[in-house]
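# Residue-level structural notes
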Amino acid sequence: MIEVQTYNLVFISTFIERKFIDNLIRSVVDNSSLTIYFIIVNQTLDKLELPNTDLISFHQLNTEKLSLSKARNSGIKYLIENDIHFEYIMFPDDDSTFDSDFFYNFNNVVGEKKFNYLIDVYGLNSKDLYIENKLADGRLVISDKPKMVMSVNMLINEKSFREVGMFDEKMGVGTEYGAGEDTDFFLRCVTVSGPFIYTKKLWNYHPKFEDKHKKFKLNQLINKYRNYGKGVIYLNVKHKLYFSAIELCINALGGSLIALFSLDFKLFIARLYAFFIRFYTFISLIIRKIA
């Protein structure tokens, strides 16, 4: 009887920026003390020379340019079709990195009881949280309020993963509803497996951009708010979180007024536009559900 290997971790990462992916690969290879199956969905013309170590097996999928959800799903399909087994799966971005503490602490945190976890994300080369929160270590999390769910900080066990399946290909970067696919995946995991546990004992890193709206031209900022706004409203309507959707509309309107009083006219216009696009998306989706 052939013994089937069960990896400690599976990573599925999409690759669109060469300057980032090399750092991610190096951070895993140099620091990992766990067995990892690492799927890289390559959407570029670059050919990566991927090392295979005793602990880490890489597989590169070459695809055309896809939306983020479709790209991740291509990695998921490969994983399922090739019957690869594991304890946990993560979806690090190509600009994520890890240090040795993540791999050293992993087994002590997850133990024998295979819960799902949310881990901390720090700004690159810092200990500043990417998303600030006041949650205590060990807190059970069943919703994304306060917002803290990111694709890069979900640690999902194999059983939950196989029950939940694919990312919603209507959502995420490169789609009509350009956000929310990570929170959607999280909420579906909660439905099938119960709360996630928030742990401060595991973390990774992701570039943190301060005042990033100042780097965008007005049309770029409007596009960003449009894609994000449609995505988060779609997410809330999909999960019947109607009051949260209305709250998001009100927040955009309030945020535009704050920007106006701060004399940040570019941000005022973008946030006011965000209010209208969120409200229009909400009404459109409700009418579509009724019809």
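All of the points below concern the structure found in this document. (Residues numbered from 1 in each chain as written. Predicted model: local features only at pLDDT ≥ 70, side-chain atom pairs only at ≥ 80, totals over all residues. Heavy atoms only, no water.)

Core analysis: the largest hydrophobic core is formed by 54 residues, its most contacted members being Ile 89, Phe 161, Phe 185 and Phe 186. Residue contributions to this core peak at 8 residues, all from helix α6 (residues 218–238). Grouped together as the second largest cluster of nonpolar side chains are 27 residues, Ile 25, Phe 102, Val 110 and Leu 202 included. (Core = buried A, V, L, I, M, F, W, Y, C linked by side-chain atoms within 4.5 Å. Buried < 20%, exposed > 50% of the residue type's maximum accessible area, 1.4 Å probe, protein only. Helix = DSSP H or I, 4+ residues; strand = E, 2+ residues; numbered from the N terminus.)

Time to look at the environment of Asn 125. Looking at where Asn 125 falls in the secondary structure, it is placed in the loop between β5 (116–123) and β6 (140–141). Taking the C-alpha atoms as reference points, Asn 125 and Ser 256, separated by 131 residues in sequence, lie 32 Å from one another.

On to the pairing of strand β1 (residues 6–15). Burial within β1 is extensive, with 9 of its 10 residues counted as buried. In this structure, β1 lies alongside strand β4 (residues 85–90), joined through 5 bridges in parallel fashion. Bridging from a neighbouring strand, Val 10 pairs with Ile 89 of β4. One ladder, built from 7 bridges, connects β1 with strand β2 (residues 36–42); its direction is parallel. Bridge pairing in β2 places Phe 11 opposite Phe 38. (Pairing = 2+ DSSP bridges.)

Going through the model one piece at a time under the given rule, you end up with 14 salt bridges. A salt bridge links Lys 238 to Asp 168, with the nearest nitrogen and oxygen atoms 2.7 Å apart. You can see Lys 238 sitting in helix α6 and its partner Asp 168 sitting in the loop between α4 (158–164) and α5 (181–193), a full 70 residues away along the chain. If you follow the salt bridges from partner to partner, you end up with Asp 168, Asp 184, Arg 188 and Lys 238 in one network. (Salt bridge = Lys/Arg side-chain N within 4 Å of Asp/Glu carboxyl O.)

In this model, helix α2 (residues 68–81) (14 residues) spans 20 Å end to end at C-alpha, consistent with the 20 Å of a helix rising 1.5 Å per residue. In terms of burial, α2 is a largely internal element, 10 of the 14 residues being buried. When we look at burial in α2, the residues that qualify are Leu 68, Ser 69, Ala 71, Arg 72, Asn 73, Ser 74, Gly 75, Ile 76, Tyr 78 and Leu 79. Here the buried face of α2 lies against β1, β2, β3 (56–62), β4, α4 and α5. Just downstream of α2 lies Asp 83, where phi reads positive at about 50°. (Expected span 1.5 Å × (residues − 1). Contact = heavy atoms within 4.5 Å.)

Attention shifts here to the packing of helix α7 (residues 242–261) against helix α8 (residues 265–290). Contact geometry for α7 and α8: axes closest at 7 Å, N-to-C directions at 165°. Regarding the angle of α7 to α8, the classification is roughly antiparallel. The crossing of α7 and α8 is left-handed. Contact residues: Tyr 242, Ala 245, Ile 246, Leu 248, Cys 249, Ala 252, Leu 253, Gly 255, Ser 256, Ala 259 and Leu 260 in α7; Phe 265, Leu 267, Phe 268, Arg 271, Leu 272, Ala 274, Phe 275, Arg 278, Phe 279, Phe 282, Ile 286 and Lys 289 in α8. (Axes fitted to C-alpha atoms, helices over the stretch in contact; angles between N-to-C directions. Parallel < 35°, antiparallel > 145°, perpendicular 65-115°, else oblique. Left-handed = near helix turned anticlockwise from the far one by under 90°.)

This brings us to the side chain of Asp 168. Judged by relative accessible area, which is 13%, Asp 168 ranks as buried. Once residues within four sequence positions are removed from consideration, Asp 168 is found in contact with Ser 69, Asp 184, Arg 188, Tyr 234 and Lys 238.

The next thing to look at is the packing of aromatic side chains. What the rule picks out here adds up to 20 aromatic pairs. Arranged with centres 5.2 Å apart and planes meeting at 20°, the rings of Phe 38 and Phe 58 form a pair that is stacked. In this pair, Phe 38 sits in strand β2 while Phe 58 sits in strand β3, placing the two residues 20 residues apart along the sequence. Judged by its relative accessible area of 0%, Phe 38 is buried. Its relative accessible area of 10% is what places Phe 58 among the buried residues. With a centroid separation of 5.9 Å and an interplanar angle of 85°, the aromatic rings of Tyr 88 and Phe 106 are classed as edge-to-face. Note that Tyr 88 is positioned in strand β4 and Phe 106 in helix α3 (residues 100–110), a separation of 18 residues in sequence. Overall, the relative accessible area of 0% leaves Phe 106 in the buried class. Above the ring of Tyr 177, the side-chain terminus of Lys 230 is found at 5.7 Å from the ring centroid. (Phe/Tyr/Trp six-rings, centres within 6.5 Å; stacked < 30°, edge-to-face > 60°. Lys NZ or Arg CZ within 6 Å of the ring centre and 35° of its normal.)

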